[in-house]
Amino acid sequence: MLHEIGGSSRSWDRAGPLLASRFELLACDQRGFGMSEKVRAQHGTIDLVDDLARILAEAEWTGPVTLVAAAGSSAVAAAFAQKFPERVKSLVLCAPALIVEPSARDNALGRADAVQAEGMRTIVDAAMDRMYPAAIRDEWFETYRMRFLACDPVGFALANRAFAAGEASLAGLAMPILVLAGDADIRSPEQTRAMLGGAPYAQLKVIARAGHLMAWQAPEAVAAAISTFC
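Along each chain, the written sequence defines residue order, and numbers are assigned to residues from 1. Only residues with pLDDT of at least 70 get local features here, since the model is predicted, and only at 80 or more are side-chain atom pairs given and counted; chain-wide, interface and lining totals rely on the full set of residues. Here the side-chain values reflect all heavy atoms present in the structure, with hydrogen atoms and water set aside.

A. Focus on the packing of helix α2 (residues 45-58) against helix α3 (residues 73-83). Contact pair α2 / α3: the axes reach a minimum separation of 9 Å and the direction vectors enclose 70 degrees. With respect to α3, the element α2 is oriented roughly perpendicular. Within the contact between the two elements, α2 uses T45, I46, L48, V49, D50, L52, A53 and L56 and α3 uses A75, V76, A79, F80 and K83. Each residue receives one of three labels: charged for Asp, Glu, Lys and Arg, nonpolar for Ala, Val, Leu, Ile, Met, Phe, Trp, Tyr, Cys and Pro, and polar for the others, Gly being one of them. Counted by class, the contact of α2 with α3 contains 10 nonpolar, one polar and two charged residues. Interaxial angles span 0 to 180 degrees and are taken between N-to-C directions of axes, which are lines fitted to C-alpha atoms, for helices over the stretch in contact. For helices the rule is a DSSP run of H or I covering at least 4 residues; for strands it is a run of E covering at least 2, with both sets numbered from the N terminus onward. Roughly parallel refers to an angle under 35 degrees, roughly antiparallel to one over 145, roughly perpendicular to one between 65 and 115, and oblique to any angle outside these ranges. Residue contacts are defined here by distance: any two heavy atoms, one from each residue, within 4.5 Å place the two residues in contact.

B. A look at helix α10 (residues 219-229). Only protein chains enter the accessibility calculation, which uses a 1.4 Å probe; a residue whose area is less than 20% of its type maximum is buried, one above 50% is exposed, and one in between is partly exposed. Listed in full, the buried residues belonging to α10 are P219, V222, A223, A225, I226, S227 and F229. Buried residues belonging to α10 abut α1 (16-19), β1 (65-70), β2 (88-94), β3 (177-182), β4 (202-207) and α9 (214-217).

C. Summary view of the pattern of salt bridges. Only one rule defines a salt bridge in this text: a Lys or Arg side-chain nitrogen within 4 Å of an Asp or Glu carboxyl oxygen. Within the structure shown, the criterion is met by 11 salt bridges. One salt bridge in this structure joins D13 and R147, with 3.8 Å as the shortest N-O distance. Taken as a pair, D13 in the segment before α1 and R147 in helix α6 (residues 141-149) lie far apart in primary sequence, 134 residues in all. For D13, a relative accessible area of 32% translates into the label partly exposed. Taking relative accessible area as the criterion, R147 reaches 29% and is therefore assigned partly exposed. Where D50 meets K83, a salt bridge forms, and the shortest distance between an N and an O atom there is 2.9 Å. A residue pair is termed long-range when its members are at least 10 positions apart, and D50 in helix α2 and K83 in helix α3 qualify at 33 residues. Each member of the salt-bridge network shares a partner with another, and the members are R10, D13 and R147.

Next up, the structure:
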């Protein structure tokens, strides 16, 4: 289970317990987030792919796995599946961000510069407006906001630069792929559907009252979709 940029393994705290009785789960803190080392050197998507391969090796998960990825980490999951197709049973991509449009690239680089210079508080309100819109805010909103605010700003900046420099595709992947689109996400379900091109076994499901952080915002619906798919 791969968390979004600005999240951590704790991003799965609401959906994970709903899946734990049926699946063996492994949620990791990616480079620079959560309890992982706070890096200071620039990395790229391929480095995160290699990190994931090492994590699976350390956990002795040698068979094919289902990768569940949130937002920008969907690019890591897709790149891992492209590099190691024999190690991936299926993909579940939640509010995926695979293709970095020029405007999104500029925004990611601007966020990186602002945060590295002045800290997470400079972007937290704008980020929450985009990822956790007011119409779906609930009692869990403030917990997520506080965790986001506590991110290491340099690690966050490096992750955004890695995201801006990379691009991933589902084209040619032959495993089953479930793409979950939130009806309150940054991208519309129609925009998300466009990412499915070239993947013959990909399917789209829309999650109601969910934005960019759907495993936190709509855990029951996300868990149910994963359970049905897997």
